[in-house]
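The lines below spell out each chain.
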Amino acid sequence: MEPNEENLKKKLKMNRAAIIVLLIILLIILCVVIVRIIKIKNGIANNDSNMGLVVQTDNLIFYNDYSEGLVKKEKKQETVLTTDQAYSINYLNEKIYYTTPNNNGGISIKRIDSDGKNEEVLLVTPSNSTKMYLYNSKIYYLTSNPDTISRIDIDGKNEEILLQRTVQDFKLKDGTIYFSDIVGFLYSEDTNGENYKTIKEESSFNKFQILDKDVYYYDNTNGKLMKMSLSDTSKVKEVTDKLD
């Protein structure tokens, strides 16, 4: 083999290896950008299955202290941002979004900068539910009189009613709203108020949680905590023995 030809083949191999490394780096960067975009649009909510009392970012923790209010913890330092009792805490673009009971017996949806400045009331509603979700730069919540599932922009504008009926509980997960009606039946629709579906006509879903692809609920008839698959609602399992 000619020396020049051998050198050429070595260079081609090196170029291929360099291209592969470059493609891997670009793929990693793309994944980071996609994750960043999702966080920017949807915010961070770590504990919505427990009233949303705490949220954690990369280096900060925000939580509700019943005696103090909304607290920010950075390393070992704690700072009270507001004396409001904060529920459904969400973090989005250096701002904290939360619900808090107001003096009129309803709920206020508020936001505040992560340093405690610029506290704002985005919406006041007569709802008695503190549940709220951020998704695609929209805030989803319940109202009362009339009973609705509604949404607003993250600046509090453009209120829209997605569903008008009595709702006992609701959960937003992966672009789908799950909710139970006054009877306790379970339904779903997408975040635009379309694709309405009946999931289970069984009066046990007054309060429920969704983890992964399963619905957890308390069955009033047998007094047990149950788990039902969303992909196959005939698959129901007992999670605990009878609860007193």
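Whatever comes next refers back to the structure up there.
Computed from a prediction, not measured in an experiment: that's the story for all the values here.

Each regular strand carries side chains that alternate between the two faces of the sheet. Bridge analysis of strand 1 (residues 54-56) against strand 2 (residues 61-65) gives three bridges, and the strand direction is antiparallel. When the sheet's bridge partners are listed, Gln56 is paired in strand 2 with Ile61. Here strand 1 folds back onto strand 2, and the loop between the two strands holds four residues. Alignment of strand 2 against strand 3 (residues 69-74), held across five bridges, turns out to be antiparallel. Within the sheet, the bridge partner assigned to Phe62 lies in strand 3 and is Lys72.

A few words now on the pattern of salt bridges. Oppositely charged side chains can pair when the atoms bearing their charge come close. Applying the stated criterion across every chain yields a total of 11 salt bridges. Here Lys95 ties to Asp113 by a salt bridge, and the two come within 2.5 Å at their closest N and O atoms. Placement of the pair is Lys95 in strand 6 (residues 95-101) and Asp113 in strand 7 (residues 107-113), with a sequence separation of 18 residues. A relative accessible area of 21% places Lys95 in the partly exposed class. In this structure, Arg151 and Glu160 form a salt bridge, with 3.0 Å as the shortest nitrogen-oxygen distance. A relative accessible area of 30% places Glu160 in the partly exposed class. A network of salt bridges, in which partner residues are shared, links Lys138, Arg151, Asp153 and Glu160.

A few words on the nonpolar core. Across soluble globular proteins, you tend to see nonpolar side chains buried next to one another. In terms of nonpolar packing, the biggest core is built from 13 residues, with Tyr140, Ile149, Val167, Phe170, Leu172, Ile177 and Phe179 touching the most fellow members. Counting only elements with at least two residues in this core, the list comes to strand 9 (132-135), strand 10 (138-143), strand 12 (160-164), strand 13 (167-173) and strand 14 (176-181). Sorting elements by how many residues they give to this core places strand 13 first, with three residues. With residues near it in sequence (within four places) discarded, Phe170 still touches Lys131, Tyr133, Tyr140, Tyr141, Leu142, Ile149, Ile177, Tyr178, Phe179 and Phe208. Leu81, Ala86, Ile96 and Ile112 belong to the second largest nonpolar core, which has 11 residues in total.

Turning our attention to the packing of aromatic side chains. Counted under the stated rule, the structure contains six aromatic pairs. Between Phe179 and Tyr187, the aromatic rings sit 5.5 Å apart at their centres with planes inclined by 25°, giving stacked as the arrangement. When its relative accessible area of 0% is taken as the criterion, Phe179 is described as buried. Tyr187 sits in the buried class, given a relative accessible area of 6%. Look at Phe179 and Tyr196: their rings are 6.2 Å apart centre to centre, the planes differ by 45°, and that puts the pair in the tilted class. One end of the pair, Phe179, is in strand 14; the other, Tyr196, is in the loop between strand 15 (186-190) and strand 16 (197-200), and 17 residues separate them in sequence. The class of Tyr196 is partly exposed, set by a relative accessible area of 39%. Chaining the aromatic ring pairs together yields one cluster made of Phe179, Tyr187 and Tyr196. Sitting above the plane of the Tyr187 ring, Arg165 keeps its charged end 4.7 Å from the centroid.

Rules of the game
Every chain's residues receive numbers from 1 upward, in the order its sequence appears when written. Reporting of local features is limited, given that this is a predicted model, to residues whose pLDDT is at least 70; pairs of side-chain atoms are given and counted only at 80 or more, and all residues count toward the totals for whole chains, interfaces and linings. Only heavy atoms go into the side-chain values, all of them from the structure, while hydrogens and water stay out. We treat two strands as partners when DSSP finds at least two bridges between them. By the criteria applied, helices consist of DSSP H or I runs no shorter than four residues and strands consist of E runs no shorter than two, each listed in order from the N terminus. Within this document, salt bridges are pairs made up of a side-chain nitrogen of Lys or Arg and a carboxyl oxygen of Asp or Glu, the two lying within 4 Å of each other. Each residue's exposure class comes from its accessible area (1.4 Å probe, protein chains only) as a fraction of the maximum for that residue type: buried when under 20%, exposed when over 50%, partly exposed otherwise. Grouping buried Ala, Val, Leu, Ile, Met, Phe, Trp, Tyr and Cys residues that are joined through side-chain atoms within 4.5 Å yields what is termed a nonpolar core. Contact between two residues is taken to exist if any of their heavy atoms lie within 4.5 Å; hydrogens are not considered. Aromatic pairs are defined between Phe, Tyr and Trp rings, using the six-membered ring for Trp, whenever the two ring centres lie within 6.5 Å; interplanar angles under 30 degrees are classed as stacked, those over 60 as edge-to-face, and all others as tilted. Placement of a charge over a ring requires the Lys NZ or Arg CZ to be within 6 Å of the ring centre, with the centre-to-atom vector within 35 degrees of the ring normal.

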